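# Overview (structure and organization)
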Amino acid sequence: MAEGYNIAVVGATGMVGSTTLSILEERKFPINKIYLIASHRSAGDTREFMGKPYIIEDIKDFDFTQTQIAFFSAGGDVSAEYAPKAAEAGNIVIDKSSYFRYHDDIPLVVPEVNEDAIADFRNRNIIANPNCNTIPVVVAIKPIYDAVGITRINVATYQSVSGSGKTAVEELAHQTGQLLNGRPVKPKVYPQQIAFNVLPHIDAFQENGFTKEEMKIIWETQKILNDKSIAINPTAVRVPVFFGHSAAVHIETKDKLTAAQAIELLKKAPGVKLISGKHPYPTPVHDAAGQDEVFVGRVREDLSHPKGINLWVVADNLRKGAALNAVQVAEKLIDSYL
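This text gives an overview of the structure that appears in the document. (Residues numbered from 1 in each chain as written. Predicted model: local features only at pLDDT ≥ 70, side-chain atom pairs only at ≥ 80, totals over all residues. Heavy atoms only, no water.)

Attention now moves to the overall build of the protein chain. The helix and strand inventory of the protein chain stands at nine helices and 14 strands. Over its C-alpha atoms, taken along the principal directions, the protein chain stretches across nearly 60 × 55 × 40 Å. Here the protein chain holds 338 residues, and 52% of them are scored as buried. Looking at the protein chain alone, contacts between residues at least 24 apart form 66% of all its contacts between residues at least 6 apart. About 15,200 Å² of surface is accessible on the protein chain, with carbon and sulfur atoms providing 49% of the total. In the protein chain, which carries 35 positive and 39 negative side-chain charges, the distance between the mean positions of the two groups comes to 4 Å. (Helix = DSSP H or I, 4+ residues; strand = E, 2+ residues; numbered from the N terminus. Buried < 20%, exposed > 50% of the residue type's maximum accessible area, 1.4 Å probe, protein only. Contact = heavy atoms within 4.5 Å. Areas by Shrake-Rupley, 256 points an atom, 1.4 Å probe, with all protein chains shown as cover. Lys, Arg positive; Asp, Glu negative; His and termini not counted. Charge placed at Lys NZ, Arg CZ, Asp CG, Glu CD.)

Generally speaking, nonpolar side chains in soluble globular proteins are found buried as a group. Phe-64, Phe-72, Ile-141, Ile-144, Val-249, Val-296 and Leu-311 are the most contacted members of the largest nonpolar core, which totals 55 residues. For this core, the element with the most residues is helix 4 (residues 134-148), which contributes nine residues. With near-sequence residues (within four places) excluded, Phe-64 lies in contact with Ala-8, Val-10, Ile-37, Ile-59, Ala-70, Phe-72, Ala-86, Ala-89 and Asn-91. Counting residues in hydrophobic clusters, the runner-up holds 29 residues, among them Ile-69, Phe-71, Val-329 and Ala-330. (Core = buried A, V, L, I, M, F, W, Y, C linked by side-chain atoms within 4.5 Å.)

A separate point is unusual backbone geometry. With a phi close to 50°, Lys-28 is a non-glycine residue in the positive phi region. With respect to the secondary-structure elements, Lys-28 resides in the loop between helix 1 (15-26) and strand 2 (31-38). Non-glycine residue Phe-196 carries a positive phi angle of around 55°. Here Phe-196 lies in the loop between helix 5 (166-180) and helix 6 (212-224). Here Phe-196 falls in the exposed class, since its relative accessible area comes to 57%.

Mapped onto the elements of the fold, Asn-6 is located in strand 1 (residues 5-10). At 3.2 Å, the side chain of Asn-6 and the backbone nitrogen of Lys-33 are in polar contact. Sequence-distant contacts of Asn-6, defined by excluding residues within four places in its chain, comprise Asn-32, Lys-33, Gln-66, Thr-67, Gln-68 and Ile-69. (Polar contact = N/O pair within 3.5 Å; in protein donor to acceptor, adjacent residues only side chain to side chain.)

Set out below in structure tokens:
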């Protein structure tokens, strides 16, 4: 392992980019030099890292031959244009957008689940980071999948507004204040009011009636587990929570698994924290926000299916759902391949 790497953080001013910087600092990632990059709108601004101010550089002018690892969290259009350029310039790109996730030659990686897939970065020098829902769900189900197999998953997600970025967090805060003071609200980020409401609408509706967010859960889970035989039925819902995504996960297994057996598997699972006791469930506010683990509770057998297990899964969507997973991928990459 080299003493340090030259790192680019693209989208450094966004919520995921800012979280990436925090996690790189917390985990003492081996950095020689770091470059903070964004669009021309943020170029020239400053951000602090490790107690030092850094000027945000314009991606259009940045020379990627200066860096070896590039974290991209600036959206699909930016990744489509600049990630291949960064890769060609000698970087290994870890991309958090959805753009490369479904390319057959690009690995889609959650280290606790399919670490070996990192080796396929050699195809194009790009590794894709999965969706902020998919990551916690696959971390939670992997020990069960390995033990008894999974034939079908029903999943309903309850996703916080931070998944839509800073403007959505501001919209929820503003709408809440307006409504509590008896004033009307006019939605801007979401198609309808989000404060005191739930919206079963994340991303665009597809021809089959599912949203793209829901289809991502299907495509990505099957790719990460390398198993297209798993039937998956998702519903994705936006809820008036600032940070932390939740999911009700109903699994149908190939072989019978009791709730007690599932609990024992989850106790030993990497990246999982099992919640038990008087209140046997995690919540975004109390457990997940600002934390790195995937929290699991409400483990119980399905009353309607002889081989069914139910889980309640919660994680910080900005950390394990995005930035932390990408940094963990980079750590594994350094340990095993660089």
